[in-house]
Structures are given as C-alpha cells and as structure tokens.
Amino acid sequence: MELQERSWTWEQIENFFYMTNREKANIVWECRISELTKSIILQKLLDIYGEGIKATTKDVTVMYLAGWFGYLCGGMHFLSSDGWEVTGESIKLQLYKNKRGTMLISFVVHSEDLDEKWDRKWVEGFYEENMKPVFTQMQSMSINNNLLHMWYQATHSLYWISDRMKHSCLSQRYVSQYEKNLEMFKEVTPYSCMGVMTRKHPYAKKLIFIDNPWNLSDPMPLKPSCCLANQTEGGHLCYTCPRMKKSERLKKYNKVLAEHSTTS
C-alpha cells in the first residue's frame, strides 16, 4: 500500500493529533521523541515549555505535557490502525510560537519515515521505549504529581481526538479502525508498558459528562484529573476541572449563558 493511496490528509492528522509532515515556523526548540528519554533533554523541554506557559510550578508543566503526549499516542494508534509504523527516532517535537505568541507543540513526521507494517505490536514498543521512560521521569522531576493522574491527562486528550474525528469528514472506516485499535490496546496490552500497575487501564477511565454552556446540545466531560492550570500565572480552575465545586461550576455556567445571550 502506497501512502498516496490513503484517503486521510495531513491536514486532518494535524487537526486530530497536532502531528504534521511540515516543519513549523517560529521554532523555539526541538528534539527527537527518542531523545526525551535522556533526563538532560527532558529537563530542557520542561524548562523552556514551563517558561512559555508561565508555569509557577514544575507540576503544571508536567501535566500539560502529559496531555500533549496523549495526542502523540493517539497518532501512533491511528497510524498503526492504518498499517503504518513510525519510530521515536523519526518524530520531532517542535516547540513553536503562533501569531499570538502562544507556545504550542507540534509532532513532525515526514512521509518517507512511515513504514508499512500491519503488526500492531510496535505501538506497545513505542510506549515501552519512549512514553514509559518519559512519563516516569517527568513524575520524578515533579513534586506532587501522581503517574496515573498524568496518564489521565492523556486519556482526556484521546476523548477529544475521537470527538474531533466524529465531527470531521474523515471516512468512517478510519474512525472505526482507530477506535478498534485503541480498544485492543486497552484490553490486551500490559499496563506495564505505560509504567503503571493499576487494576484498570488508564485509558479505560470512565468519563463523567456535564452540561456545556457553549453548546447546550453537546455535553462535555470532566477532566479525569486536574491539569493544574491554576498554577500558571493568572491561571484558574478549568470549567471541566474535577476539583471545581459544583456551586462554582454553576456560577460559571450561568455567566457563560448570560454572555452568549447578550452577544447573540
């Protein structure tokens, strides 16, 4: 199968996973995913990205990065489900600033680095060789972060990947095979490749849905763990934060509805 034969586009891939085949402009820093297993490289990422998001603690930087890596993992499952393999050596993490000056992350994969491979076991190896050491080191570099809660940030990212897919024009075949690949990973793959020893798979965390004041017909999930956005300069608890009191969320809900009614 030639890559040109696929009916998904790199624009879709970037929308779903922040993964692209093009280098970004305004790059602040970059490295190979495989290089992040080295503590000195990972520490550099935490320092630069933490400064970029105005983190007041290393804990919040770690939680934000865990969410970003969830999108990368989703991309690996998607490529695997379509018969492609890519290694950590072939993926570049690029920190860059958009036009507003916001620091973002892009995962760069060039088409020539994709190899046809229908054996899905390579994804387990990707977690074992790349994500496991990255997550365990990030946890040790932080102060109060729990490894399972870090993986819950990735779980939350996977939800939004599926949501974006369902609201896109991506062929249902690709959506179905991606979801099947992810389910197989949750059911068959040992959790040890993620560095956790829990009763349930981190990705099997049941999500709780709440009313969405921005779209009343589309409930949204509470985050499975707090991303610690309130530990950035001028930050606050997210509307979907599990730590937010119901009374605070109701107040926020009503405020958003009122703002919408005055602008519509």
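From a predicted model like this one, the values you see are computed outputs, not experimental measurements.

Looking at the secondary structure, you find Glu30 in strand E2 (residues 27-32). Here the alpha-carbon distance between Glu30 and Lys92, two residues 62 residues apart in the chain, equals 6.7 Å. With near-sequence residues (within four places) excluded, Glu30 lies in contact with Glu23, Lys92, Leu93 and Gln94. Polar contacts involving the side chain of Glu30 include one to the side chain of Gln94, which spans 2.8 Å.

Scanning the model with the defined rule gives nine salt bridges in all. Among the ionic pairs, Lys166 bridges to Glu179, the shortest N-O distance being 3.9 Å. Here Lys166 is found in helix H5 (residues 147-166), whereas its partner Glu179 is found in helix H6 (residues 172-188), with 13 residues between them in sequence. Exposure remark for Glu179: the relative accessible area of 28% places this residue in the partly exposed category. Across the pair Glu183 and Lys186 runs a salt bridge whose closest N-O atoms are separated by 2.7 Å. Of this pair, Glu183 and Lys186 are both found in helix H6, three residues apart, which corresponds to roughly one turn of the helix. Each of the salt bridges in this network shares a partner with another, and the network as a whole consists of Glu23, Glu30 and Lys92.

So, how was this worked out
Residues numbered from 1 in each chain as written. Predicted model: local features only at pLDDT ≥ 70, side-chain atom pairs only at ≥ 80, totals over all residues. Heavy atoms only, no water. Helix = DSSP H or I, 4+ residues; strand = E, 2+ residues; numbered from the N terminus. Contact = heavy atoms within 4.5 Å. Polar contact = N/O pair within 3.5 Å; in protein donor to acceptor, adjacent residues only side chain to side chain. Salt bridge = Lys/Arg side-chain N within 4 Å of Asp/Glu carboxyl O. Buried < 20%, exposed > 50% of the residue type's maximum accessible area, 1.4 Å probe, protein only.

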